[in-house]
Structure formats: structure tokens, C-alpha cells
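# Chain and residue survey
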Amino acid sequence: MRGWILAGAGMAVALGCGGAGASDVRSVIVECAACHGDEGIAKDVEVPNLAGQRRLYLYKQLVAFRKNARKHKEMRVMSREMNDADMRAIAEYYSSLPPR
Ligand code: HEC
């Protein structure tokens with residue numbers, strides 16, 4: 001009985017840790033989808049598609065928005081929520097989606 005409880009607690013901790021990083025990025029991407037679309041294909045004609053764009057290019061744009069080197073109010077606000085690892089993961093994610 002005692003063993004089961006300990007095993008259960010260990011598993012919960014393992015699952016919690018394993019999921020943390022990835023689910024963080026997913027929770028950010030949900031916000032991006034409002035403008036850039038669920039699959040990185042934007043609905044609004046003034047918003048660029050991100051799907052299939054080059055990973056390094058996407059990453060550099062996010063860094064530039066964050067530094068305000070590329071000026072855009074909404075993207076500046078969005079990029080402030082990301083750290084370097086998030087920006088790399090997000091660039092990786094969108095570059096892996098099929099372009100349209
Ligand atoms: C309020 C709408 C909005 C939201 C939310 C938003 N974006 Fe954007 N994004 C834009 C617009 C508009 C541009 C074009 C900026 C410009 O004209 O320079 C842009 C540009 C970009 C670019 C540059 C694309 C290119 O081809 O140069 C990237 C990368 C990007 N967004 C990523 C994201 C990510 C990642 C998120 C979520 C964290 C996000 N955006 C959330 C509106 C938005």
C-alpha cells in the first residue's frame with residue numbers, strides 16, 4: 001500500500017516536470033493563433049503567415065521585435081512574454097508547419 005502511494009507521487013512529479021516546457025510554448029502559441037492562425041496561416045491580409053517560414057528567420061524576427069529593432073506594437077508586446085528558449089521553440093514549431 002505504502003509503495004503504491006510513493007510510486008504514484010513519483011509519477012505525478014515526473015509528468016509535471018516533463019510537460020512543463022512544452023506546454024508553456026503551446027500556451028503562448030494559442031495567443032499567436034488569434035492573429036497568425038491555428039496552423040500559422042493568417043486570416044487577416046495584414047498579418048504574415050508563419051507556417052513553413054525559415055526557422056532562423058522567424059527566430060531573428062522575434063529577437064528584433066523584443067529589442068524593438070523591428071518596430072511593431074503588438075509584436076513587441078507579444079515578444080516580451082518570451083524568453084530565448086521560447087523564441088527558438090516557437091520558430092521551430094512554425095517552420096515545421098506546411099506552408100500554403
Ligand atoms: C494582435 C495580432 C498579433 C498577435 C497576437 C501576434 N502577432 Fe505576430 N505579427 C502580427 C503582425 C501584424 C505582424 C507584421 C508586423 C509588421 O508589419 O512588421 C506580425 C509579425 C510576426 C512575425 C514576423 C513574420 C515575418 O514574416 O516577418 C513573427 C515571427 C511573428 N509575428 C510571430 C508571432 C508569435 C510567435 C506570436 C505569439 C507569441 C505572435 N506573432 C502574435 C500580429 C500579431
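Scroll up for the structure.
An account of the accompanying structure is given in this report. (Residues numbered from 1 in each chain as written. Predicted model: local features only at pLDDT ≥ 70, side-chain atom pairs only at ≥ 80, totals over all residues. Heavy atoms only, no water.)

## So, the coordination of the iron atom of the ligand
Bound to the iron atom of the ligand on the protein side are His36 (NE2) and Met75 (SD), at distances that span 1.9 to 2.1 Å. Around the iron atom of the ligand, the six donor atoms are arranged such that angles at the metal cover 85 to 178°; this shape is classified as octahedral. Residue His36 is found in helix α1 (residues 2-36), and its partner Met75 is found in helix α3 (residues 73-80); the two are separated by 39 residues along the sequence. Grouping residues by exposure puts His36 and Met75 together as buried. (Donors = N, O, S within 2.8 Å, 3.2 Å for Na, K, Ca; no water. Tetrahedral: all angles 85-135°; square planar, octahedral: opposite > 155°, others 65-115°. Helix = DSSP H or I, 4+ residues; strand = E, 2+ residues; numbered from the N terminus. Buried < 20%, exposed > 50% of the residue type's maximum accessible area, 1.4 Å probe, protein only.)

## Digging into helix α4 (residues 84-96)
Relative to the 18 Å expected for 13 residues at 1.5 Å per residue, α4 spans 18 Å between its end C-alpha atoms, a close match to the ideal helical length. Buried within α4 are the following residues: Asp86, Met87, Ile90, Ala91 and Tyr94. One face of α4 carries all of its buried residues, which in axial projection span an arc of 130°. Facing away from the buried side of α4 by over 90 degrees, the exposed positions are Ala85 and Ser96. By the N-cap criterion, in which a side-chain oxygen at the helix start approaches the backbone nitrogen of a residue two or three places on, α4 is capped by Asn83, the distance to Ala85 being 3.1 Å. (Expected span 1.5 Å × (residues − 1). Arc of directions from axis to C-beta. Polar contact = N/O pair within 3.5 Å; in protein donor to acceptor, adjacent residues only side chain to side chain.)

## Here's the deal with unusual backbone geometry
Located in the positive-phi region is Asn68, a residue other than glycine, with phi close to 65°. Mapping Asn68 onto the fold places it in the loop between α2 (55-67) and α3.

## Remarks on α2
The end-to-end C-alpha separation of α2 is 19 Å, in line with the 18 Å expected for 13 residues at 1.5 Å each. Along its buried surface, α2 packs onto α3 and α4. One or two positions beyond α2, positive phi appears at Asn68, with a value near 65°. (Contact = heavy atoms within 4.5 Å.)

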